[in-house]
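# Architecture and fold: a report
As a plain string of letters, each chain reads:
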Amino acid sequence: MELCSVASIMSLGSLAIQRTHLCSLVFRVLPKLLGFTPSSLKKFCKDVHPPLTETIMGTLPELPQDVLMDIFATLEIPDLIRAGTVCPSWHSAYTSLQSLGLYKLSQTPCLLYTSESAGDSSAYLYSLSEKRSYKLTLPDPPIRTRCLVRSSHGWLVTVDERSEMYLVNPITCEQIALPSVITIEQVKPIFDECGLLHKYELSWHAGIHDGFNSPSIYDLDKLCDEFQYKAFVFDDTSTGSYIVVLIHNPMRQLSFAKVGADKWTWLPPYDVYDDCTYKNDILYAVTGTGEIHAFDLSGPVVTMKMIMGTSECVSTGSSYIVQDPWGGLLLICRIFEDYNLLPDHEAPVFWKTGKINMYEVDVVASELKEINCLSAHALFLGHNQSLCLSAKEYPSLKANHVYFTDDSFFWTIGLKNNHRDMGILNLDNNRREHLIFPQLCSNFPAPIWITPDLRMMNLASEAA
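We now turn to the structure provided with this report. (Residues numbered from 1 in each chain as written. Predicted model: local features only at pLDDT ≥ 70, side-chain atom pairs only at ≥ 80, totals over all residues. Heavy atoms only, no water.)

## What about the sheet that holds strand E1 (residues 110–113)?
In plain terms, the rule: Here, any two strands with at least 2 DSSP bridges between them count as paired. Here a strand is any run of E in DSSP of at least two residues, a helix any run of H or I of at least four, and the numbering for each starts at the N terminus. Fitted lines through C-alpha atoms serve as axes, helices being fitted only where they are in contact, and the angles separating the N-to-C directions of these axes extend from 0 to 180 degrees.
Pairing in this open sheet of four strands is antiparallel, and the strands run E3-E2-E1-E28 from one edge to the other. Bordering the open sheet on either side are strand E3 (132–137) and strand E28 (448–450), each of which pairs with just one other strand. For this sheet, the mean inter-axis angle between neighbouring strands, taken without regard to orientation, is 30°. In this structure, E1 lies alongside strand E2 (residues 122–127), joined through four bridges in antiparallel fashion. Paired with Leu112 across the two strands is Leu125, which belongs to E2.

Here you go:
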């Protein structure tokens with residue numbers, strides 16, 4: 001696959017390819033992998049007589065493809081992509097590593113955001129580990145014309161100007177159309193006299209709260225302002241591909257589709273969902289009232305079990321369900337302590353995260369146990385797959401901190417250009433700090449956390 005993002009990354013002067021740096025990086029890693037001393041590496045060079053530094057500056061060393069792949073597998077994705085552009089043999093090692101699915105290094109989450117100055121088709125990827133931004137060029141339609149409703153496993157779930165959804169990998173530029181929005185239970189197409197799709201009809205049909213309003217009619221580019229709330233991409237272990245789960249209106253209901261399917265499957269009867277996670281073929285979903293539901297999606301018929309009833313722990317804000325590194329589940333409550341949703345005159349609408357409440361979920365006893373500290377871990381919350389990561393495994397992260405971006409429902413109903421609530425919250429003292437200067441990024445599409453991933457989507461099992 002062509003490195004469609006690389007040209008844009010390299011266009012930034014501060015990120016230009018430095019062959020000396022990359023080669024020296026390779027030769028620092030190689031002895032650790034092979035147990036060689038630096039002097040013994042000369043046997044891999046075309047000319048063993050010049051010193052190693054001269055070889056690096058002149059003719060690049062000839063390393064076996066398998067050795068290069070082992071080295072590249074230890075690099076973070078920005079360094080890996082740069083290494084893949086150095087010379088044909090390194091590019092071949094990069095593409096082989098990607099196509100064979102051998103690159104599995106865990107990545108530190110990055111902040112993906114857009115900027116008006118970068119153009120409609122470009123986005124920036126801010127690396128927490130390098131504290132710098134990379135400019136990416138994404139496939140059409142232009143990213144600044146889309147809504148970003150989620151990121152999971154390196155994929156963005158986007159909504160275009162016809163309110164249709166796509167998966168986009170911003171690193172590989174792979175793009176996959178999801179089943180049409182008109183295959184969702186509550187959405188019906190309206191055609192004009194020429195038989196062309198003209199508008200959408202959105203019914204207010206829900207599993208429990210039903211029939212409050214008559215159906216609403218939306219232009220093709222306006223349904224997305226009301227309909228898609230959050231979406232999730234999960235590994236489908238039964239097929240080796242992916243499952244996409246969508247929280248959508250009315251009443252924040254659930255639907256899901258397997259990648260390659262031609263329609264969405266509705267999951268009634270409950271609603272008002274805030275977040276989901278997927279573990280051992282079970283979809284866990286938490287509602288705005290703290291209820292936790294478990295859906296078994298592995299069989300031909302979906303079954304549902306209530307894990308937790310309504311909880312008094314949930315307050316004004318958002319709820320998240322997170323897999324912790326030690327094998328359990330966490331219920332996270334994000335509290336908005338400073339907000340004004342009905343301002344006077346021309347004052348702006350705003351909301352600010354002020355507090356995070358955390359609970360361990362006892363699935364067997366259906367109980368919550370409050371915890372006050374993440375110890376050596378960090379949380380990532382927002383329109384990303386909710387994550388709890390070890391600060392020891394990801395040394396650029398701050399322990400007992402929450403990295404959050406704005407996922408308030410209000411930005412989906414007309415407040416696209418308003419304040420974005422994002423930053424880093426220290427759980428020791430509830431102090432906030434900026435991620436990046438707010439003026440650097442556009443408010444729409446809303447900035448979003450993403451964990452870069454080079455894996456290609458496996459559609460073979462679905463197409464068979």
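## Focus: helix H6 (residues 88–99)
Selection rule: One less than the number of residues in a helix, times 1.5 Å, gives the span that helix is expected to have. In this scheme, a residue with accessible area under 20% of its type's maximum is buried, one over 50% is exposed, and one in between is partly exposed, where area comes from a 1.4 Å probe on protein chains only.
Here H6 is 12 residues long and its end C-alpha atoms lie 16 Å apart, about the 16 Å a rise of 1.5 Å per residue gives. Buried within H6 are the following residues: Trp90, Ala93, Tyr94, Thr95, Ser96, Leu97 and Gln98. Trailing H6 by a residue or two, Gly101 shows a phi angle of about 70°, which is positive.

## Side note on the packing of aromatic side chains
Note on aromatic pairs: each is described by the distance of the centres and the angle between the planes. In plain terms, the rule: The rule is short: rings of Phe, Tyr and Trp, with Trp giving its six-membered ring, pair when the centres are within 6.5 Å, and they are stacked under 30 degrees, edge-to-face over 60, tilted in between. Any Lys NZ or Arg CZ that is within 6 Å of a ring centre and within 35 degrees of that ring's normal is treated as a charge sitting over the ring.
For the structure shown, the criterion picks out eight aromatic pairs. Ring geometry for Trp155 against Tyr242: centres 6.4 Å apart, planes inclined by 70°, an arrangement best described as edge-to-face. Placement of the pair is Trp155 in strand E5 (residues 155–159) and Tyr242 in strand E12 (residues 241–248), with a sequence separation of 87 residues. In this pair, the class of Trp155 matches that of Tyr242, namely buried. Between Phe232 and Phe234, the aromatic rings sit 5.8 Å apart at their centres with planes inclined by 10°, giving stacked as the arrangement. Each member of the pair Phe232 and Phe234 is classed as buried. Here the aromatic residues Phe232, Phe234 and Tyr278 are joined through ring pairs into a cluster of three or more. The ring of Tyr166 has Arg146 sitting right over it, with the charged end atom 5.8 Å from the ring centre.

## Details of the side chain of Asp421
Under the convention used in this document: Any pair of N or O atoms that falls within 3.5 Å is considered a polar contact. Within protein, one atom must be able to donate a hydrogen and the other to accept it, and sequence-neighbouring residues count only if both atoms are side-chain atoms. Residues count as neighbours in contact if any of their non-hydrogen atoms are within 4.5 Å of one another.
Assignment of secondary structure puts Asp421 in the loop between strand E25 (401–404) and strand E26 (423–426). Classification of Asp421 by relative accessible area gives buried; the value is 0%. Separated by 3.0 Å, the side chains of Asp421 and Arg432 make a polar contact. The residues touching Asp421, leaving out its near neighbours within four places in the chain, are Arg334, Phe336, Trp351, Lys352, Thr353, Phe404, Thr405, Asp406 and Arg432.

## A closer look at the pairing of strand E24 (residues 387–390)
Burial of the side chains of E24 extends over both faces: Leu387 and Leu389 are buried on one face and Cys388 and Ser390 on the other. Note that strand E23 (residues 377–381) and E24 share four bridges and pair antiparallel. Directly across from Leu379, in E24, lies its bridge partner Cys388. Once E23 ends, the chain turns through five residues before running back antiparallel as E24, passing Gly382 with a positive phi of about 145°.

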